[in-house]
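Coordinates in review
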Amino acid sequence: MATKILTEHINVPGIETFDVYRKQGGYTAVEKAIKTMTPEAIVEEVKKAGVRGRGGAGFPMGMKWSFLAKPEGVPRYLVCNADESEPGTFKDHYLMKNIPHLLIEGMIISSFALGANKSFIYVRGELMYVIHILEKAIAEATAKGFLGKNILGSGYDLELVVQPGGGAYICGEETALLESLEGKRGNPRNKPPFPAVKGLYQSPTVVNNVESIATTAWIINNGGDAYAGVGIGRSTGTKLISASGHINKPGVYEIELGVPVEDFIYADEWCGGIRPGHKFKALVAGGSSVPILPANLALTLANGEKRLMSYESLSDGGFATGTMLGSGGFIVFDETSCIVRNTWNFSRFYHHESCGQCSPCREGTGWMEKVLHRIEHGHGHQQDIDLLVDVAKKIEGNTICPLGDAAAWPVASAIRHFRDEFQWHIDNPAEATQPGAVYRGDMALV
Amino acid sequence: MAEQEIKPQLLKVTIDGIEVEVEPGTTILQAARKIGPAVAPPAMCYYQPLKGSGGKCRACLVRVAAGSAKDPRPMPKLVASCLTAVQDGMIVENETSPQVIDARNGVVEFLLLNHPLDCPVCDQAGECDLQNFAFDHGKATTRYEEDRRTFEKRDIGPFIQLHMTRCILCYRCVYTADQITNKRVHGVMNRGDASEISTYIEKAIDNDFSGNVIDVCPVGALTDKTYRFKNRVWFTKPVDAHRDCPTCSGNVTLWYRGDEVIRVTARKNEWSEVTEFICNTCRFETKKTSDWTIEGPTKISRSSVIAANKYRADTIKPSFGERMAAADYKPIDDKRDTSQLTIQQLPPERFAKVLPAALDPEP
């Protein structure tokens, strides 16, 4: 049985209440951390564990914590990024809804380690019912003395605030999130200065994903070395994968990093294979922003080895033959899906969600969407494919925040791997615009 | 010796192969401006007098080939030069990097996607940052064939009209209202390419210094209603003048057409940045020569048609026409066999009618 770090007790009835969670060994990590450990020791333990940011970028959490500036007389803040809105990703939602106390326990430990006396959980506005669950859990934990003034008699105070966002995808970008939290328009800030130096209210701030923060409870209980023992290489621990698309068993799965992609799709323990009678065509491995891969490249590396579910293996080969683990939004496409239509759909999302602050993203996302719409609806021109590649190239890397990259990568990768399909749409508009029409030409199906 | 210790240590930075020494904390853009206009990156949103401006238009992107003397690694992405502070030993590529030029060509194209290109009727034409930027980095044709976003013209206050269609969302007017006036009633609404500058529920901008938003606007989105459509910049003559103003410094530029003052603006430096912000009374309501003490003709050093020879073909960069011709040039395919071709004989009367008449000196 594979190690479960986050979801071990998730199916226990009533786990969302304090008493049941406590009975399952909950809040022991808080006791251990606050009573027996120094903040430095906790940071050290998290560094040893090698947890990488689960929000998508994969930046080591311990390192992010150690960058936090600690000037005298200035408050420090911890902000939990629960603005999960990447298409294809729904793991934080699942975690917060089912086991809210795990996040709260992680928040207490992390805030203590960073010396924050006021911490925020920024939840996307659409998840109002989750906000109520979290607020109820916070009230329970406060009543039991795990939150509020003088936690467990240690003299450490922590106020935990749940802040609903307005439902903008851009507010999942950490500096836009901080602007939104301050009550301003959610425009990403120019970096540097990074939040670790000047974040919320110009004070040093750490912004972490829900899943990253939730791991700290297990790390404190079992030690950083035990966590680093799970997983493969520098991809330590487990990862929640939100599997969706044309698979038999969509859902959220916790896997040890290093499971082969093939096993994850076909094993009964996880996705249970492609839906009956269909073949595997393409994979988006880490949420809509990451490059799409055709089936053969999704399952094997360029050198013929099996591709694994890990940060390194998924990005093996760069963007030519690889992709990214991202936030773990695992979308599987079978041969009935039209890649052009899908790319247009993703592009439409980024067009709608661009904040409009910097010009390449504001204008470029809309342009790409319009060109893709044209191709999908049978009005494409021969030069449109090259135009899309060029526009994507001019957005990528030239914007303030990574939304520009996230908008450019799906388009550039879809054209890189499925150019024939785009060409077919342009060459055969009458056929391609029939309802349910899909390119059936030469391609690698598995 | 003592003197040397008091001086802050200067940082050496090389931009396009030219070395310059600047004080710590200087941005790459400011260092480049110190060298001169030939090296300075274009800036559509950065405005030195306004705190917090910059980083949005991405026109000033440069490549940092070496981060500093201590850490000579190049920076992975192009950086916004208006916000990136220089390090000692930094090597920056601006006009010399094809990657930078490519990115800038992209930015022009993006900025012009939803721009109406109504320069022939726009008051800003001739002193427009976007026009100059497009002249340097733009293409003669567009690859965009969809509808452009459009907005209705709106009056915001008695003196200012907003043409949102022309706006490039540089946020300069927002920062101006924040930092110069005592209350901001306009801002950016909506998001993405639907963003627009707007006032709160049709509120008028009513402030003594609101007129400055017209001067900071890099395009013709905010226009002076007392000057709209009255003239073209290149027909007017700028003159420095001042008056005793109770609200502002009173140092302005008057724009004459003949004997008439048709426009009053703040004075601008060579980077088109306002040096002293002026009040609305000076700008909109004091248009008689007798109100002012004339100092003399304004020396226009900024990049504009009103500066001499801005658009002359033999200036440093190849002319617009030359680049257009180069882009469209196709070598003639001359490999075909011409030996079998015969010239079709035209009926001789067709020549006969024209030629004798043309050659005959007498009608």
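Within each chain, residue numbers correspond to sequence positions counted from 1 in written order. Labels are handed out in written order, letters beginning with A for the chains and numbers beginning with 1 for the ligands. The predicted nature of this model means local features are confined to residues of pLDDT at least 70 and side-chain atom pairs, given and counted, to a pLDDT of 80 or more, with totals for whole chains, interfaces and linings taken over all residues.

Secondary structure counts use DSSP, requiring at least four H or I residues in a row for a helix and at least two E residues in a row for a strand, with both numbered from the N terminus. From N to C terminus, chain A includes 19 helices and 11 strands. What the globule rule says is 2.2 Å times the number of residues to the power 0.38, and the radius of gyration is computed from C-alpha atoms. Whereas a compact globule of 446 residues would reach a radius of gyration of roughly 22 Å, chain A reaches 22 Å, a difference of no more than 12%. C-alpha extents for chain A along the principal axes are approximately 75 × 45 × 40 Å. By definition, residues are in contact whenever their C-beta atoms, placed on the basis of the backbone, come within 7 Å of each other. A separation of at least 24 residues holds for 72% of the contacts in chain A among residues at least 6 apart in sequence.

Residue and element names in this part refer to chain A. Strand order in the open sheet formed by five strands is E8-E7-E11-E9-E10, with mixed pairing between adjacent strands. For this open sheet the edge positions go to strand E8 (251-256) and strand E10 (292-294), each flanked by a neighbour on one side alone. Along the sheet, successive strands turn relative to each other by an average axial angle of 30°, direction set aside. Note on pairing: DSSP must find at least two bridges between two strands before they are called paired. Relative to strand E11 (residues 329-334), strand E7 (residues 238-245) runs parallel, the two sharing four bridges. Lines fitted to C-alpha atoms define the axes, with helix axes restricted to the stretch in contact, and inter-axis angles between N-to-C directions lie between 0 and 180 degrees.

Note that strand E11 (residues 237-242) of chain B and strand E12 (residues 251-257) of chain B share six bridges and pair antiparallel. Note that in E12 of chain B the partner of Asp 240 of chain B across the bridge is Thr 253 of chain B.

Residues and elements named next belong to chain A. Marked domain ranges trace back to an automatic or database domain assignment. Taken domain by domain, chain A holds domain 1 (18-229), domain 2 (241-334) and domain 3 (339-432). For domain 1 versus domain 3, the distance between C-alpha centres works out to 35 Å. Across the boundary between the two partners, domain 1 contributes 10 residues, which contact nine residues of domain 3. Under the convention adopted here, Pro, Cys and the residues Ala, Val, Leu, Ile, Met, Phe, Trp and Tyr are nonpolar, Asp, Glu, Lys and Arg are charged, and Gly plus all remaining residues are polar. Across the side of domain 1 that touches domain 3, the residue classes break down as six nonpolar, three polar and one charged.

Moving on: unusual backbone geometry. All names here are of chain A. Residue Pro 192 is bonded to the preceding Lys 191 through a cis peptide linkage, with omega at -5°. Assignment of secondary structure puts Pro 192 in the loop between helix H8 (174-181) and strand E4 (205-209). With a phi angle near 65°, Tyr 27 is a residue other than glycine that sits in the positive phi range. Mapped onto the secondary structure, Tyr 27 falls in the loop between helix H1 (18-23) and helix H2 (28-36). Residues other than glycine seldom take positive phi values, yet Leu 152 does so here, at roughly 50°. Examined against the element boundaries, Leu 152 turns out to sit in the loop between helix H7 (128-143) and strand E3 (159-164). Burial in this document is a count-based property: other C-beta atoms within 10 Å of a residue's C-beta are tallied, and the residue is buried at 20 or more, exposed at 12 or fewer, or partly exposed in between, with C-beta positions derived from the backbone. You can call Leu 152 partly exposed: it has 16 C-beta atoms within 10 Å.

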